[in-house]
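Architecture and fold: a report
The primary structure of each chain is shown beneath.
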Amino acid sequence: MRNDTFAKELISFIDSSPSPFHVVHNLKKTLRDHGFIGLDPKSHWELQKKGRYFTVMNDSALIAFEIGEGNIEEEGFKMIAAHTDSPAFKIKPFPEMRIKNYIKLNTESYGGAILHTWLDRPLSIAGRVVLKSQNPLNPTKRLIDFKEPIVIIPSLSIHMNRTVNEGVKFNKQKDTLPLLGVVNDEFGEKNRILRLIAQNLDVKIEEILDFDLILYPVEKGLITGMNKEFISSPKLDDLAMVHAGLKAIISARQTSGINVLVCYDNEEIGSATKQGADSPMLPYVLERILLSLGKGREDYFRALSNSFMISADMAHALHPNYEEKQDPTHHPLINGGPVIKINADQKYATDADTSAVYQEICQKAGVPVQKFVNRSDELGGSTIGPISATQLGIRCIDVGNPMLSMHSVRELGGVLDHEYIIKSFETFYGL
Ligand SMILES: [Zn+2]
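Note that this is a predicted model, so its numbers are computed, not measured.

A few words now on the sheet that holds strand E3 (residues 61–67). Taking strand neighbours across the sheet as the criterion, the 9 strands line up as E1-E2-E3-E13-E4-E14-E18-E16-E17 in an open arrangement whose pairing is mixed. Strand pairing shows two members of the sheet lacking a second neighbour, strand E1 (37–39) and strand E17 (370–373), which therefore form its edges. The mean inter-strand angle of the sheet, taken between neighbouring strand axes irrespective of direction, is 25°. In terms of strand pairing, strand E16 (residues 339–342) meets E17 through 4 bridges, oriented parallel. By the bridge assignment, Lys341 is partnered in E17 with Phe372.

Listed below in C-alpha coordinates is the structure:
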(Lines give C-alpha, C1' and ligand atoms only; values in the text may rest on other atoms or scores of the structure.)
Protein backbone atom coordinates (compact mmCIF):
# COMPACT_ATOMS: atom_id res chain seq x y z
CA MET A 1 0.00 0.00 0.00
CA ARG A 2 1.48 3.31 -1.00
CA ASN A 3 1.67 6.15 1.45
CA ASP A 4 -0.56 8.67 -0.27
CA THR A 5 -0.86 11.11 2.66
CA PHE A 6 1.33 13.74 1.00
CA ALA A 7 -0.39 13.32 -2.36
CA LYS A 8 -3.80 13.78 -0.74
CA GLU A 9 -2.57 16.88 1.09
CA LEU A 10 -1.23 18.22 -2.19
CA ILE A 11 -4.56 17.69 -3.93
CA SER A 12 -6.45 19.54 -1.22
CA PHE A 13 -3.83 22.35 -1.24
CA ILE A 14 -4.33 22.75 -5.00
CA ASP A 15 -8.12 22.55 -4.73
CA SER A 16 -8.12 25.47 -2.30
CA SER A 17 -5.61 27.50 -4.35
CA PRO A 18 -7.33 28.48 -7.62
CA SER A 19 -5.16 31.59 -8.19
CA PRO A 20 -1.64 32.70 -7.12
CA PHE A 21 -3.34 35.03 -4.58
CA HIS A 22 -5.07 32.03 -3.01
CA VAL A 23 -1.81 30.06 -3.06
CA VAL A 24 -0.14 32.79 -1.00
CA HIS A 25 -3.18 33.13 1.27
CA ASN A 26 -3.01 29.39 2.04
CA LEU A 27 0.76 29.45 2.50
CA LYS A 28 0.41 32.29 5.02
CA LYS A 29 -2.23 30.42 6.98
CA THR A 30 -0.21 27.19 7.21
CA LEU A 31 3.00 29.04 8.03
CA ARG A 32 1.28 31.00 10.82
CA ASP A 33 -0.10 27.74 12.22
CA HIS A 34 3.50 26.54 12.48
CA GLY A 35 4.93 29.54 14.27
CA PHE A 36 6.01 31.69 11.33
CA ILE A 37 5.50 35.43 11.89
CA GLY A 38 4.38 37.71 9.03
CA LEU A 39 6.71 40.66 8.27
CA ASP A 40 5.46 43.83 6.61
CA PRO A 41 8.05 44.93 4.02
CA LYS A 42 7.20 48.55 4.94
CA SER A 43 8.09 48.09 8.64
CA HIS A 44 11.42 47.90 10.43
CA TRP A 45 12.36 44.25 10.93
CA GLU A 46 13.72 43.03 14.25
CA LEU A 47 14.55 39.41 13.68
CA GLN A 48 15.77 36.87 16.21
CA LYS A 49 17.86 33.76 15.84
CA LYS A 50 15.67 30.65 15.86
CA GLY A 51 12.80 32.83 14.61
CA ARG A 52 10.47 31.78 11.78
CA TYR A 53 9.17 34.50 9.45
CA PHE A 54 7.54 35.19 6.10
CA THR A 55 6.95 38.20 3.91
CA VAL A 56 4.72 38.71 0.88
CA MET A 57 5.00 40.65 -2.38
CA ASN A 58 1.92 41.70 -4.41
CA ASP A 59 -0.24 39.15 -2.51
CA SER A 60 1.01 36.59 -5.05
CA ALA A 61 4.62 35.81 -4.07
CA LEU A 62 6.03 34.82 -0.69
CA ILE A 63 9.36 34.27 1.03
CA ALA A 64 9.43 32.19 4.23
CA PHE A 65 12.56 31.68 6.30
CA GLU A 66 13.82 30.19 9.53
CA ILE A 67 16.92 31.63 11.17
CA GLY A 68 19.38 29.15 12.66
CA GLU A 69 21.70 29.69 15.58
CA GLY A 70 25.03 29.79 13.74
CA ASN A 71 27.07 32.59 12.19
CA ILE A 72 24.96 33.38 9.18
CA GLU A 73 27.87 34.66 7.09
CA GLU A 74 29.53 31.25 7.46
CA GLU A 75 26.45 29.05 7.30
CA GLY A 76 24.69 30.82 4.42
CA PHE A 77 21.19 30.37 3.06
CA LYS A 78 19.67 27.05 2.05
CA MET A 79 16.97 27.99 -0.42
CA ILE A 80 14.19 26.24 -2.29
CA ALA A 81 12.46 28.22 -5.05
CA ALA A 82 9.16 27.41 -6.76
CA HIS A 83 6.39 29.38 -8.49
CA THR A 84 2.78 30.14 -7.59
CA ASP A 85 1.39 30.74 -11.10
CA SER A 86 0.11 28.35 -13.78
CA PRO A 87 -1.13 28.91 -17.34
CA ALA A 88 -4.70 30.24 -17.41
CA PHE A 89 -7.11 32.65 -19.03
CA LYS A 90 -7.29 36.15 -17.58
CA ILE A 91 -10.50 38.16 -17.79
CA LYS A 92 -10.12 41.49 -19.60
CA PRO A 93 -11.32 44.74 -17.91
CA PHE A 94 -14.63 45.19 -19.78
CA PRO A 95 -15.20 41.54 -20.58
CA GLU A 96 -18.84 41.16 -21.54
CA MET A 97 -19.67 40.40 -25.17
CA ARG A 98 -23.24 39.85 -26.31
CA ILE A 99 -23.92 37.44 -29.20
CA LYS A 100 -27.72 37.39 -29.69
CA ASN A 101 -28.83 36.54 -26.17
CA TYR A 102 -25.60 34.83 -25.17
CA ILE A 103 -23.20 36.62 -22.85
CA LYS A 104 -19.59 35.58 -23.26
CA LEU A 105 -16.43 36.93 -21.68
CA ASN A 106 -13.44 38.51 -23.34
CA THR A 107 -10.25 36.91 -22.05
CA GLU A 108 -6.57 36.69 -22.88
CA SER A 109 -4.32 33.76 -22.24
CA TYR A 110 -1.77 33.84 -19.42
CA GLY A 111 1.33 31.73 -20.08
CA GLY A 112 1.54 28.76 -22.41
CA ALA A 113 -1.58 26.67 -21.81
CA ILE A 114 -2.46 23.65 -23.96
CA LEU A 115 -5.56 25.44 -25.17
CA HIS A 116 -7.76 22.50 -26.26
CA THR A 117 -7.65 21.00 -22.75
CA TRP A 118 -9.68 23.98 -21.48
CA LEU A 119 -12.66 23.29 -23.73
CA ASP A 120 -15.93 21.74 -22.53
CA ARG A 121 -14.93 21.85 -18.87
CA PRO A 122 -16.90 23.48 -16.08
CA LEU A 123 -14.86 26.52 -15.10
CA SER A 124 -15.04 29.02 -12.29
CA ILE A 125 -13.43 32.40 -11.66
CA ALA A 126 -11.01 33.40 -8.89
CA GLY A 127 -8.42 36.05 -8.11
CA ARG A 128 -8.10 39.47 -6.53
CA VAL A 129 -10.51 42.41 -6.53
CA VAL A 130 -9.34 45.92 -5.69
CA LEU A 131 -11.77 48.24 -3.92
CA LYS A 132 -11.87 51.94 -3.09
CA SER A 133 -10.41 52.93 0.27
CA GLN A 134 -9.78 56.21 2.15
CA ASN A 135 -6.23 56.29 0.78
CA PRO A 136 -5.96 56.38 -3.04
CA LEU A 137 -2.40 55.03 -2.82
CA ASN A 138 -3.51 51.98 -0.87
CA PRO A 139 -6.78 50.57 -2.19
CA THR A 140 -8.37 47.65 -0.37
CA LYS A 141 -7.64 44.21 -1.82
CA ARG A 142 -9.94 41.22 -1.43
CA LEU A 143 -9.68 37.63 -2.60
CA ILE A 144 -12.55 36.20 -4.54
CA ASP A 145 -13.43 32.62 -5.54
CA PHE A 146 -16.80 31.85 -7.07
CA LYS A 147 -16.18 28.14 -6.38
CA GLU A 148 -19.23 27.07 -8.42
CA PRO A 149 -18.82 26.46 -12.17
CA ILE A 150 -20.10 29.59 -13.92
CA VAL A 151 -18.43 29.63 -17.32
CA ILE A 152 -17.54 27.09 -20.01
CA ILE A 153 -15.67 27.21 -23.32
CA PRO A 154 -17.74 25.08 -25.71
CA SER A 155 -15.96 23.36 -28.57
CA LEU A 156 -17.25 23.40 -32.15
CA SER A 157 -19.16 20.28 -33.12
CA ILE A 158 -17.39 17.77 -35.36
CA HIS A 159 -20.25 18.23 -37.85
CA MET A 160 -19.15 21.82 -38.32
CA ASN A 161 -15.46 20.98 -38.40
CA ARG A 162 -14.96 17.59 -40.06
CA THR A 163 -11.16 17.81 -39.87
CA VAL A 164 -11.10 18.48 -36.12
CA ASN A 165 -9.24 15.22 -35.39
CA GLU A 166 -6.47 16.18 -37.77
CA GLY A 167 -5.53 19.05 -35.47
CA VAL A 168 -7.06 22.44 -34.70
CA LYS A 169 -5.38 25.81 -34.73
CA PHE A 170 -6.87 27.98 -31.98
CA ASN A 171 -7.37 31.71 -32.28
CA LYS A 172 -7.24 33.08 -28.72
CA GLN A 173 -9.51 36.00 -29.56
CA LYS A 174 -12.19 33.78 -31.07
CA ASP A 175 -12.03 30.10 -30.21
CA THR A 176 -11.41 30.18 -26.46
CA LEU A 177 -13.86 32.79 -25.15
CA PRO A 178 -15.99 31.38 -22.33
CA LEU A 179 -19.78 31.47 -22.24
CA LEU A 180 -21.27 33.07 -19.11
CA GLY A 181 -24.99 32.62 -19.75
CA VAL A 182 -28.12 33.47 -21.73
CA VAL A 183 -30.25 36.53 -21.07
CA ASN A 184 -33.88 37.05 -21.99
CA ASP A 185 -34.05 40.84 -21.90
CA GLU A 186 -33.74 42.62 -25.22
CA PHE A 187 -31.19 45.24 -24.25
CA GLY A 188 -29.82 43.59 -21.17
CA GLU A 189 -28.14 44.97 -18.14
CA LYS A 190 -24.47 45.72 -18.38
CA ASN A 191 -21.74 44.93 -15.86
CA ARG A 192 -22.90 41.43 -15.03
CA ILE A 193 -19.40 40.43 -13.93
CA LEU A 194 -19.16 43.48 -11.68
CA ARG A 195 -22.56 42.66 -10.20
CA LEU A 196 -21.47 39.07 -9.55
CA ILE A 197 -18.30 40.31 -7.85
CA ALA A 198 -20.21 42.86 -5.77
CA GLN A 199 -22.69 40.19 -4.69
CA ASN A 200 -19.96 37.71 -3.82
CA LEU A 201 -17.94 40.21 -1.78
CA ASP A 202 -20.99 42.01 -0.39
CA VAL A 203 -19.84 45.43 -1.61
CA LYS A 204 -21.33 48.09 -3.91
CA ILE A 205 -20.44 48.02 -7.61
CA GLU A 206 -19.15 51.61 -7.30
CA GLU A 207 -16.53 50.42 -4.80
CA ILE A 208 -14.90 48.07 -7.33
CA LEU A 209 -11.90 49.73 -8.98
CA ASP A 210 -10.30 46.78 -10.78
CA PHE A 211 -9.59 43.07 -10.65
CA ASP A 212 -7.07 40.33 -11.47
CA LEU A 213 -9.33 37.38 -12.27
CA ILE A 214 -8.57 34.08 -13.95
CA LEU A 215 -10.59 31.07 -15.03
CA TYR A 216 -9.92 27.74 -13.38
CA PRO A 217 -11.31 24.19 -13.70
CA VAL A 218 -13.62 23.18 -10.85
CA GLU A 219 -13.09 19.42 -11.26
CA LYS A 220 -10.98 18.41 -8.32
CA GLY A 221 -7.71 16.48 -8.38
CA LEU A 222 -7.67 12.77 -7.61
CA ILE A 223 -5.45 9.73 -7.30
CA THR A 224 -5.68 7.21 -10.16
CA GLY A 225 -3.88 4.27 -11.82
CA MET A 226 -4.29 0.53 -11.18
CA ASN A 227 -2.15 0.80 -8.05
CA LYS A 228 -3.31 4.32 -7.22
CA GLU A 229 0.10 5.55 -8.30
CA PHE A 230 -0.78 8.73 -10.22
CA ILE A 231 -1.94 12.19 -9.18
CA SER A 232 -4.29 13.71 -11.76
CA SER A 233 -4.78 17.37 -10.92
CA PRO A 234 -4.70 20.91 -12.26
CA LYS A 235 -1.64 23.08 -11.50
CA LEU A 236 0.84 20.37 -10.48
CA ASP A 237 3.28 22.70 -12.25
CA ASP A 238 4.27 24.21 -9.94
CA LEU A 239 2.03 23.93 -6.88
CA ALA A 240 3.43 20.44 -6.24
CA MET A 241 6.83 22.05 -5.65
CA VAL A 242 5.35 24.94 -3.63
CA HIS A 243 3.60 22.37 -1.43
CA ALA A 244 6.75 20.21 -1.12
CA GLY A 245 8.80 23.27 -0.11
CA LEU A 246 6.17 24.27 2.42
CA LYS A 247 6.08 20.80 4.00
CA ALA A 248 9.87 20.75 4.19
CA ILE A 249 10.45 24.18 5.72
CA ILE A 250 7.84 23.45 8.39
CA SER A 251 9.14 20.06 9.39
CA ALA A 252 12.89 20.24 8.73
CA ARG A 253 15.29 19.97 11.64
CA GLN A 254 16.55 23.42 12.61
CA THR A 255 20.16 23.97 11.64
CA SER A 256 22.75 26.69 12.01
CA GLY A 257 22.11 28.42 8.68
CA ILE A 258 18.99 30.10 7.32
CA ASN A 259 16.39 27.99 5.53
CA VAL A 260 14.48 29.91 2.88
CA LEU A 261 11.45 29.02 0.77
CA VAL A 262 10.76 31.46 -2.05
CA CYS A 263 7.54 31.17 -4.03
CA TYR A 264 7.76 33.51 -7.00
CA ASP A 265 4.88 34.59 -9.21
CA ASN A 266 4.94 35.02 -13.00
CA GLU A 267 7.31 32.21 -13.99
CA GLU A 268 4.93 31.28 -16.79
CA ILE A 269 5.37 34.68 -18.45
CA GLY A 270 9.13 35.03 -18.09
CA SER A 271 9.57 36.13 -14.45
CA ALA A 272 10.22 39.81 -15.27
CA THR A 273 7.88 41.38 -12.69
CA LYS A 274 8.45 42.80 -9.21
CA GLN A 275 7.20 39.53 -7.71
CA GLY A 276 8.98 37.30 -10.26
CA ALA A 277 12.38 35.59 -10.15
CA ASP A 278 13.92 38.31 -12.34
CA SER A 279 13.46 40.94 -9.62
CA PRO A 280 15.35 42.15 -6.54
CA MET A 281 12.64 40.65 -4.27
CA LEU A 282 14.80 37.83 -2.92
CA PRO A 283 18.16 39.70 -2.69
CA TYR A 284 16.43 42.53 -0.79
CA VAL A 285 14.89 40.14 1.72
CA LEU A 286 18.13 38.19 2.21
CA GLU A 287 20.09 41.40 2.80
CA ARG A 288 17.45 42.69 5.22
CA ILE A 289 17.73 39.46 7.21
CA LEU A 290 21.47 40.02 7.62
CA LEU A 291 21.08 43.72 8.46
CA SER A 292 18.42 42.96 11.05
CA LEU A 293 20.77 40.48 12.70
CA GLY A 294 23.36 43.26 13.04
CA LYS A 295 25.54 42.06 10.16
CA GLY A 296 27.10 44.17 7.41
CA ARG A 297 27.25 44.03 3.62
CA GLU A 298 30.53 42.11 3.65
CA ASP A 299 28.77 39.47 5.80
CA TYR A 300 25.91 39.41 3.28
CA PHE A 301 28.24 38.63 0.40
CA ARG A 302 29.98 35.97 2.48
CA ALA A 303 26.60 34.44 3.28
CA LEU A 304 25.71 34.34 -0.43
CA SER A 305 29.01 32.61 -1.20
CA ASN A 306 28.10 29.96 1.34
CA SER A 307 24.57 29.49 -0.01
CA PHE A 308 22.83 26.94 -2.19
CA MET A 309 19.54 27.07 -4.07
CA ILE A 310 17.29 24.27 -5.27
CA SER A 311 15.09 25.67 -8.03
CA ALA A 312 12.10 23.33 -7.92
CA ASP A 313 9.87 23.16 -10.99
CA MET A 314 8.22 20.12 -12.54
CA ALA A 315 10.10 17.96 -15.08
CA HIS A 316 9.09 15.93 -18.17
CA ALA A 317 8.66 12.20 -17.67
CA LEU A 318 8.99 9.80 -20.61
CA HIS A 319 5.62 9.73 -22.40
CA PRO A 320 4.54 6.17 -23.24
CA ASN A 321 2.99 7.29 -26.56
CA TYR A 322 5.92 9.50 -27.56
CA GLU A 323 9.11 7.69 -26.56
CA GLU A 324 10.84 9.34 -29.50
CA LYS A 325 10.42 12.77 -27.89
CA GLN A 326 12.87 11.96 -25.07
CA ASP A 327 16.62 12.02 -25.14
CA PRO A 328 17.99 8.60 -26.25
CA THR A 329 19.83 7.89 -22.98
CA HIS A 330 17.73 9.65 -20.32
CA HIS A 331 14.23 8.40 -19.54
CA PRO A 332 12.82 9.86 -16.33
CA LEU A 333 9.76 7.90 -15.23
CA ILE A 334 6.86 8.81 -12.98
CA ASN A 335 7.52 7.51 -9.45
CA GLY A 336 11.21 7.06 -10.27
CA GLY A 337 12.15 9.96 -7.99
CA PRO A 338 13.06 13.64 -8.37
CA VAL A 339 14.63 14.69 -11.68
CA ILE A 340 17.78 16.78 -12.04
CA LYS A 341 17.36 19.00 -15.12
CA ILE A 342 20.46 19.61 -17.21
CA ASN A 343 21.02 21.76 -20.29
CA ALA A 344 24.29 22.71 -21.99
CA ASP A 345 22.94 26.17 -22.87
CA GLN A 346 22.09 26.65 -19.17
CA LYS A 347 18.33 26.96 -19.64
CA TYR A 348 18.62 25.06 -16.36
CA ALA A 349 21.03 26.28 -13.68
CA THR A 350 22.42 22.80 -12.93
CA ASP A 351 26.14 22.11 -13.32
CA ALA A 352 28.21 19.08 -12.28
CA ASP A 353 28.97 20.65 -8.90
CA THR A 354 25.34 21.38 -7.94
CA SER A 355 24.13 18.08 -9.45
CA ALA A 356 26.61 16.23 -7.22
CA VAL A 357 25.26 18.05 -4.16
CA TYR A 358 21.64 17.10 -4.87
CA GLN A 359 22.56 13.48 -5.65
CA GLU A 360 24.23 13.29 -2.24
CA ILE A 361 21.14 14.84 -0.63
CA CYS A 362 18.91 12.21 -2.25
CA GLN A 363 21.19 9.43 -1.15
CA LYS A 364 21.11 10.73 2.43
CA ALA A 365 17.31 10.99 2.20
CA GLY A 366 17.04 7.45 0.82
CA VAL A 367 15.23 8.48 -2.36
CA PRO A 368 16.03 7.63 -5.98
CA VAL A 369 17.07 10.40 -8.34
CA GLN A 370 16.82 10.72 -12.14
CA LYS A 371 18.27 13.03 -14.79
CA PHE A 372 16.63 14.88 -17.67
CA VAL A 373 18.21 16.43 -20.72
CA ASN A 374 16.39 17.57 -23.86
CA ARG A 375 16.82 15.73 -27.10
CA SER A 376 19.47 17.79 -28.90
CA ASP A 377 16.93 18.64 -31.61
CA GLU A 378 14.21 19.78 -29.17
CA LEU A 379 14.26 23.21 -27.58
CA GLY A 380 12.71 22.46 -24.17
CA GLY A 381 11.71 25.00 -21.53
CA SER A 382 13.43 27.07 -18.91
CA THR A 383 12.59 27.97 -15.33
CA ILE A 384 13.38 30.20 -12.36
CA GLY A 385 16.75 28.60 -11.55
CA PRO A 386 19.02 30.36 -14.05
CA ILE A 387 17.24 33.69 -13.48
CA SER A 388 17.43 33.55 -9.70
CA ALA A 389 21.01 32.25 -9.69
CA THR A 390 22.02 35.10 -12.02
CA GLN A 391 20.39 37.67 -9.71
CA LEU A 392 22.19 36.31 -6.65
CA GLY A 393 25.37 34.78 -8.05
CA ILE A 394 24.94 31.59 -6.04
CA ARG A 395 25.21 27.84 -6.66
CA CYS A 396 21.92 26.51 -7.94
CA ILE A 397 20.39 23.32 -9.26
CA ASP A 398 17.18 22.78 -11.21
CA VAL A 399 15.12 19.81 -10.07
CA GLY A 400 11.47 18.80 -10.23
CA ASN A 401 9.21 15.83 -10.16
CA PRO A 402 8.59 13.88 -13.38
CA MET A 403 5.17 14.50 -14.90
CA LEU A 404 3.11 14.19 -18.07
CA SER A 405 0.74 16.65 -19.75
CA MET A 406 2.65 19.72 -18.57
CA HIS A 407 0.52 22.88 -19.07
CA SER A 408 -2.63 20.90 -19.72
CA VAL A 409 -5.54 22.10 -17.60
CA ARG A 410 -5.11 18.77 -15.82
CA GLU A 411 -1.64 17.30 -15.36
CA LEU A 412 -0.34 13.87 -14.29
CA GLY A 413 2.28 13.22 -11.61
CA GLY A 414 3.32 10.44 -9.23
CA VAL A 415 2.15 9.68 -5.68
CA LEU A 416 5.55 8.32 -4.63
CA ASP A 417 7.48 11.17 -6.21
CA HIS A 418 5.71 13.72 -4.06
CA GLU A 419 6.84 11.98 -0.90
CA TYR A 420 10.36 11.47 -2.31
CA ILE A 421 10.92 15.12 -3.11
CA ILE A 422 9.58 16.28 0.25
CA LYS A 423 12.09 13.96 1.93
CA SER A 424 14.93 15.32 -0.21
CA PHE A 425 13.95 18.93 0.65
CA GLU A 426 13.76 18.14 4.38
CA THR A 427 17.20 16.54 4.20
CA PHE A 428 18.59 19.60 2.39
CA TYR A 429 17.18 22.03 4.96
CA GLY A 430 18.46 19.81 7.78
CA LEU A 431 22.09 19.68 6.50
ZN1 LIG B 1 6.71 25.47 -13.85
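Past the structure itself, the notes keep going.
Along an α-helix, residues three or four apart share an orientation, since each turn contains 3.6 residues. All of the buried residues along helix H9 (residues 384–392) are Ile384, Gly385, Pro386, Ser388, Ala389 and Leu392. Tucked into the core, H9 has its buried residues touching strand E4 (77–83), strand E13 (258–264), helix H6 (281–292), helix H7 (297–305), strand E14 (308–312) and strand E18 (395–400). Phi for Gly393, located one or two positions after H9, is positive at around 65°.

Considered domain by domain, the chain is made up of domain 1 (5–86 + 234–429) and domain 2 (88–217). Each of domain 1 and domain 2 was reduced to a C-alpha centroid, and the two centroids are 31 Å apart. In this assembly, 21 residues from domain 1 lie in contact with 20 residues from domain 2. In total, domain 1 and domain 2 occlude about 1,600 Å² of area from one another, counting both sides; carbon and sulfur atoms represent 63% of this. The tally of links from domain 1 across to domain 2 stands at 2 salt bridges. Here Asp59 makes a salt bridge to Arg128, at a shortest N to O gap of 2.9 Å. Our count for the domain 1 to domain 2 interface comes out at 9 residue pairs in polar contact (both at pLDDT 80 or more).

Another point: the sheet that holds strand E11 (residues 222–224). Paired through their backbone hydrogen bonds, the strands of a sheet run either parallel or antiparallel. Strands sit in the order E11-E12-E20 across an open sheet of 3 strands; the sheet is antiparallel. Because the sheet does not close on itself, it has two edges, and the strands there are E11 and strand E20 (411–414). Neighbour-to-neighbour, the strand axes of the sheet open up by a mean angle of 35°, direction not taken into account. Sheet topology note: the E11/strand E12 (residues 230–233) ladder contains 3 bridges and is antiparallel. The residue of E12 that forms the bridge with Thr224 is Phe230. Contacts from helix H10 (residues 415–429) reach E11, E12 and E20 within the one sheet, and its direction differs from that of E20 by about 65°.

Each protein donor to the zinc ion is listed here as His83 (NE2), Asp237 (OD), Asp313 (OD) and Asp313 (OD); together their distances run 2.0 to 2.6 Å. One chain supplies every donor for the zinc ion, spaced along it as H-x153-D-x75-D. One end of the pair, His83, is in strand E4; the other, Asp237, is in helix H5 (residues 236–251), and 154 residues separate them in sequence. The exposure class assigned to His83 is buried, which follows from its relative accessible area of 0%.

Soluble globular proteins tend to bury their nonpolar side chains together. Ile310, Tyr358 and Phe425 are the most contacted members of the largest nonpolar core, which totals 52 residues. With 10 residues, the single largest contributor to this core is H5. Discounting residues that sit within four places of it in the chain, Tyr358 has contacts with Ile310, Pro338, Ile340, Val369, Ile397, Val399, Ile421, Ser424 and Phe425. Ile258, Leu290, Tyr300 and Cys396 belong to the second-largest nonpolar core, a separate cluster that totals 33 residues.

Next up on the list: a nonpolar patch on the surface. A cluster of nonpolar side chains, namely Ile99, Tyr102 and Val182, defines an oily patch on the protein surface of about 300 Å² accessible area. Here Tyr102 lies in strand E6 (residues 102–110).

When charged atoms on two side chains of opposite charge get close, those side chains can pair. Using the criterion set out here, one finds 16 salt bridges in the structure. Among the ionic pairs, Arg52 bridges to Glu66, the shortest N-O distance being 3.4 Å. Residue Arg52 is located in strand E2 (residues 52–57), and its partner Glu66 is located in strand E3; the two are separated by 14 residues in the primary sequence. Glu66 matches Arg52 in its accessibility class, with the two residues each being buried. A salt bridge links Asp59 to Lys141; the nearest nitrogen and oxygen atoms lie 3.8 Å apart. Within this pair, whereas Asp59 is found in the loop between E2 and E3, its partner Lys141 is found in strand E8 (residues 140–145), the two being separated by 82 residues in sequence. We classify Asp59 as partly exposed; its relative accessible area is 25%. When salt bridges that share partners are traced, they join Asp59, Lys90, Arg128, Lys141 and Asp212 into one network.

What counts and what doesn't
- Residues numbered from 1 in each chain as written.
- Predicted model: local features only at pLDDT ≥ 70, side-chain atom pairs only at ≥ 80, totals over all residues.
- Heavy atoms only, no water.
- Pairing = 2+ DSSP bridges.
- Helix = DSSP H or I, 4+ residues; strand = E, 2+ residues; numbered from the N terminus.
- Axes fitted to C-alpha atoms, helices over the stretch in contact; angles between N-to-C directions.
- Buried < 20%, exposed > 50% of the residue type's maximum accessible area, 1.4 Å probe, protein only.
- Contact = heavy atoms within 4.5 Å.
- Domains from an automatic or database assignment.
- Buried area = accessible area lost by both parts, 1.4 Å probe.
- Salt bridge = Lys/Arg side-chain N within 4 Å of Asp/Glu carboxyl O.
- Polar contact = N/O pair within 3.5 Å; in protein donor to acceptor, adjacent residues only side chain to side chain.
- Donors = N, O, S within 2.8 Å, 3.2 Å for Na, K, Ca; no water.
- Core = buried A, V, L, I, M, F, W, Y, C linked by side-chain atoms within 4.5 Å.
- Patch = residues over 30% accessible without salt bridge, like charges linked within 9 Å, V, L, I, M, F, W, Y side chains within 5 Å.
- Areas by Shrake-Rupley, 256 points an atom, 1.4 Å probe, with all protein chains shown as cover.

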